[in-house]
Amino acid sequence: MRMKAALAMMAMAVAMVSCSDDEADMPRVNVRVIDFERPAITVAGPTSYGANMYSNFDGVKFTGASIEVERGVNLEFGLNSDVYSASPEMSNGGMFLSRWNYRSNPADKSGNWWYTYENQCSVYNAASTDGANEGAGVDGSNTFAIITGADATAASMQFSAGAEYEVSGMYVCPTSYLYGVAVNGNDFALSLERTRGWLKVMAYGYDAAGNPTNGGQPVEMYVCDYRNSNAPVKISDKWTMWDMSQLGRVNKVKFDFDGSDKGQWGINTPTYLCVDNIRLVLSYNY
């Protein structure tokens, strides 16, 4: 019996050493999470329409932002401009910051207000207090980003100084505008729920030389998917992690949308999506 006990203890010791050796061989990951909690950066306002995202706004406008990743490198994003608008603005697509979270009409609104463009800067996060306009980001944070636009007006973000990182993932959540139209439809878009439609977001990666990563293929995530009537979740009302690691190391990420409801001018469903807590792998230390 003593011999068996001694052998058992030796086996346990060997197992513990093996585990420690395995852990020692694993790379230590240097990670930076971009959570947008930067009070100096202009956010959408003065209402959830986001008038300060347009060139005709009489006040402090948002056109772009730069957030430090590490010394000498920033994550940069903003609104797009086109041949018709010399100034960047939301109608041209892009990426901007917000803190709004109306998921229903406040007392001074009526009709379908909460899922119209007048509320286009709100996140539909059911875990937050409706209309509080704080605490609606991931883990109760206040500030999140919104990407909007498709095709020629697609949003993007890029690292300065030619830096490249692995964007391993980010949390995403529908805007109220997207959520309400996907469920109910409006004068311009079909209800994806009633038509068994879908909308997906795609991310394309580019290295510092402008070459596509991942063989030019995007990573995709269905934001709304009603094709399978037995699926338990058709559109999320909470922050959900989107794994983007397949893009590899990138200098730039471009976002685009595709969907089942299309017309002469492209996708009819509102192409808006909230993003937060972008997870960057700065390095692997072996």
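Each chain carries its own residue numbering, running from 1 in the direction its sequence is written. Restriction of local features to residues with pLDDT of at least 70 applies here, the model being predicted, together with a cutoff of 80 or more for giving and counting side-chain atom pairs; totals for whole chains, interfaces and linings are based on all residues. The basis for every side-chain value is the complete set of non-hydrogen atoms in the structure, without hydrogens or water.

Draft legend 1. Region of interest: the overall build of the chain. A count of helical and extended segments in the chain gives three helices and 15 strands. Here, residues are in contact when the closest pair of their heavy atoms is within 4.5 Å. Taking as baseline every contact in the chain between residues at least 6 positions apart, the subset at least 24 positions apart corresponds to 73%. Working note: accessible area of the chain is about 14,600 Å², and carbon and sulfur atoms make up 50% of it. A run of DSSP states H or I qualifies as a helix once it reaches four residues; a run of E qualifies as a strand once it reaches two. Both are numbered from the N-terminal end. For the area figures, the Shrake-Rupley method with a 1.4 Å probe applies, and any residue is considered shielded solely by the protein chains shown.

Draft legend 2. The arrangement of the sheet that holds strand β2 (residues 64–70) in detail. A sheet is described by the order of its strands in space; here six strands give the open sequence β2-β3-β6-β12-β8-β9, paired in antiparallel fashion. Whereas interior strands pair on both sides, the edge strands pair on one side only; in this sheet they are β2 and β9 (219–225). Direction aside, neighbouring strands of the sheet carry axes that sit 20° apart on average. Relative to strand β3 (residues 73–78), β2 is paired through six bridges, and the arrangement is antiparallel. For Gly64, the partnering residue across the bridge sits in β3 and is Gly78. In short, DSSP must find at least two bridges between two strands for them to pair. Orientation is described by axes fitted as lines to C-alpha atoms, over the contacting stretch for helices, and by angles from 0 to 180 degrees between their N-to-C directions.

Draft legend 3. Quick peek at the pattern of salt bridges. Definition used for salt bridges: Asp or Glu carboxyl oxygen within 4 Å of a side-chain nitrogen of Lys or Arg. Throughout the structure, instances matching the rule amount to four salt bridges. Put simply, Asp35 and Arg38 hold a salt bridge, and the shortest N to O gap is 3.2 Å. Taking the relative accessible area as the measure of exposure, Asp35 reaches 26% and is therefore partly exposed. For Arg38, a relative accessible area of 28% gives the class partly exposed. Of the charged contacts in the structure, one is a salt bridge between Asp258 and Lys262, with a shortest N-O distance of 2.7 Å. Exposure is judged per residue with a 1.4 Å probe applied to protein chains only, and the accessible area is read against the type maximum: over 50% gives exposed, under 20% gives buried, and values in between give partly exposed.

Draft legend 4. Inspection of the side chain of Thr271 at higher detail. Take Thr271: it is sitting in the loop between β14 (266–267) and β15 (272–285). By relative accessible area, Thr271 is classed as buried at 11%.

Draft legend 5. Structural view of the packing of aromatic side chains. Between the rings of Phe, Tyr and Trp (Trp by its six-membered ring), a pair exists once the centres lie within 6.5 Å; its type follows the angle of the planes, with under 30 degrees stacked, over 60 edge-to-face, and the other angles tilted. Using the criterion set out here, one finds 13 aromatic pairs in the structure. Centroid distance Tyr49 to Tyr54: 5.4 Å. Interplanar angle 10°. Geometry classified as stacked. Residue Tyr49 is classed as partly exposed on the basis of its relative accessible area, which comes to 27%. Ring centres 5.5 Å apart and planes at 75° place the aromatic pair Tyr102 and Trp113 in the edge-to-face group. Of the two residues, Tyr102 sits in the loop between β4 (94–98) and β5 (144–148) while Trp113 sits in the loop between β4 and β5, which places them 11 residues apart along the sequence.

Draft legend 6. Quick peek at helix α2 (residues 176–184). Burial analysis of α2 places eight of its nine residues in the buried class, which makes it a mostly covered element. Of the positions making up α2, those classed as buried are Ser176, Tyr177, Leu178, Tyr179, Gly180, Val181, Ala182 and Val183. Note on α2: the residue one or two positions beyond its end, Gly185, has a positive phi of about 75°.

Without other data, these values stay purely geometric and don't point to any function.
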